[in-house]
Structure formats: C-alpha cells, structure tokens
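Structural overview
For reference, the chains in residue letters:
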Amino acid sequence: MTISRPVHKVDNKLQIVENLEKLLKSGEYSDFEFTVGQCRFPVHKAILHSQSVYFAAMFSGDYQEKTVGSVAIEDIDAALFAELLLYIYTGQVPAMAEVDRAIEILIISDRYQLESLKAIVESELSEKMLTTESMFTLLLAADTYNAPSLKEKAMEFIAGRASSKDILKGLFDNTLFGGQKSKSLMKVIQELIK
C-alpha cells in the first residue's frame, strides 16, 4: 500500500524561485563571473546553461569562457544585466515602462537567445507601446532583432491605423534617418508597401 502525500506544487515552485533568487544575490557556490563596468556578477554556469542556448554554447564549446572563469561585458548597462540575470534565475520580467527600455530588453533577449523573454517583450511592445510616435522605431527594431510578431503588428498598425500625415510625420520626425538605420528603415518600408 502506498501512502499518498498532498502535493503543494504552487508553494514548492514559489520556494524554488525564492531560493534561486537568494542564490543569485548571494553568489554562493558560483562558478563564473561577469564584469559589467565596475559591477561583478557571480553566476552559476549550470543555471545559465539550462536557460539560454547562447550560454550553453559559451560554457560547453571551445570558447575561452569555458576555461577562464570570467568575462567582461562592455556594451550593456549593469542594472539591465542584473535584471537579465534575475529573469534567467527566477522568470521575473524586467520593467518595461518606456519604449526605449523595452527595445533594450528586446536587444539583449535576442543577443542572449532568451526566446521566452523576447516573446514577452514583443507582446508588450505591440500591445501597449505601438503608437504613431513609435511605429517606425518599433518596425525597425523588430526587423533588426528578428522579432517577427512585433514586425507583423507594426506593419498592420501602419497599414491600417496610421494616416498619411502620421506616416510622414513619423518618417521626418524620427531620429532613424541617417546612415545605416535609414537604409534599414527604407528596406522595411518597401516591404510594407508590397
């Protein structure tokens, strides 16, 4: 005869998440370190490996990171990197109050191949932040950082809800004109026209 025990999945999952957050914040038993600016982030390779194809390749391939134990990251804000690690460890989504901040999160989720976070950001941008002021910025970001859902929503928005005046204003007021961004934007607009 087997004795059945009550299952407390919700409580157990919450406890696991809390424990992982404590582990990240304490740095106990860490086996790798990222340096971002003046900030050091001790991490656990197994956790990063399990959550991201990028980190899995970094820690298991023939890369320098596999043996050195630390890496400096220079092209990301330390506070944003801390939020990224918190997401990897606990699933806590970084704050996305503004379009620029959400795009930064889209960029790092694309770079570190965090598809679940990327899907959340795409949804947030397309459902809550897609306006006539942001439409071209979001369209270009979606095209640049391989965000097909956001790209489709931005194209639908421009085609269906933006007036000619909105489109012209968006094009000429937008800081995207100039250099490579201008070429990319024109490519995406040509795709939209088709």
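Residues numbered from 1 in each chain as written. Predicted model: local features only at pLDDT ≥ 70, side-chain atom pairs only at ≥ 80, totals over all residues. Heavy atoms only, no water.

Of the residues in the protein, 79% reach a pLDDT of 70 or more, and the chain-wide mean stands at 85. The lowest-confidence element of the protein is helix 11 (residues 179-193), averaging 63 in pLDDT; the highest-confidence one is strand 2 (residues 39-43), averaging 97. (pLDDT = per-residue confidence, 0-100. Helix = DSSP H or I, 4+ residues; strand = E, 2+ residues; numbered from the N terminus.)

Counted by the stated rule, this structure contains eight salt bridges. For E33, the salt bridge is made with R40, and the minimal N-O distance between the two is 3.0 Å. Under the relative-accessibility criterion, R40 is labelled exposed at 58%. The closest approach of N and O atoms between D110 and K118, which form a salt bridge, is 2.7 Å. Taking relative accessible area as the criterion, D110 reaches 24% and is therefore assigned partly exposed. Since its relative accessible area comes to 2%, K118 is described here as buried. One salt-bridge network, held together by shared partners, links E83, R101 and E104. (Salt bridge = Lys/Arg side-chain N within 4 Å of Asp/Glu carboxyl O. Buried < 20%, exposed > 50% of the residue type's maximum accessible area, 1.4 Å probe, protein only.)

Okay, the environment of V188 next. On the secondary structure map, V188 appears in helix 11. For the pair formed by V188 and F136, sequence separation is 52 residues and the distance between their alpha carbons is 9.3 Å. Residue contacts for V188: discarding those within four places in its chain leaves L139, D143 and M155. (Contact = heavy atoms within 4.5 Å.)

Ordered in space as 2-1-3, the three strands form an open sheet in which the pairing is mixed. Two strands bound the open sheet, and with one partner strand each, they are strand 2 and strand 3 (70-73). Taking the axes of each pair of neighbouring strands and ignoring which way they run, one obtains an average angle of 20° across the sheet. Of the strand pairs in this sheet, strand 1 (residues 32-36) and strand 2 are connected by five bridges, and their pairing is antiparallel. Bridge pairing links E33 to P42 in strand 2. Sitting on the sheet, helix 5 (residues 78-90) touches strand 1, strand 2 and strand 3, and the angle it makes with strand 2 is about 10°. (Pairing = 2+ DSSP bridges. Axes fitted to C-alpha atoms, helices over the stretch in contact; angles between N-to-C directions.)

Enumeration over the complete set of coordinates arrives at ten aromatic pairs. Summarising the aromatic geometry, the rings of Y54 and F55 are spaced 5.3 Å apart at their centres and angled 85° between planes, so their arrangement reads as edge-to-face. Using a relative accessible area of 30% as the deciding quantity, one classes Y54 as partly exposed. (Phe/Tyr/Trp six-rings, centres within 6.5 Å; stacked < 30°, edge-to-face > 60°.)

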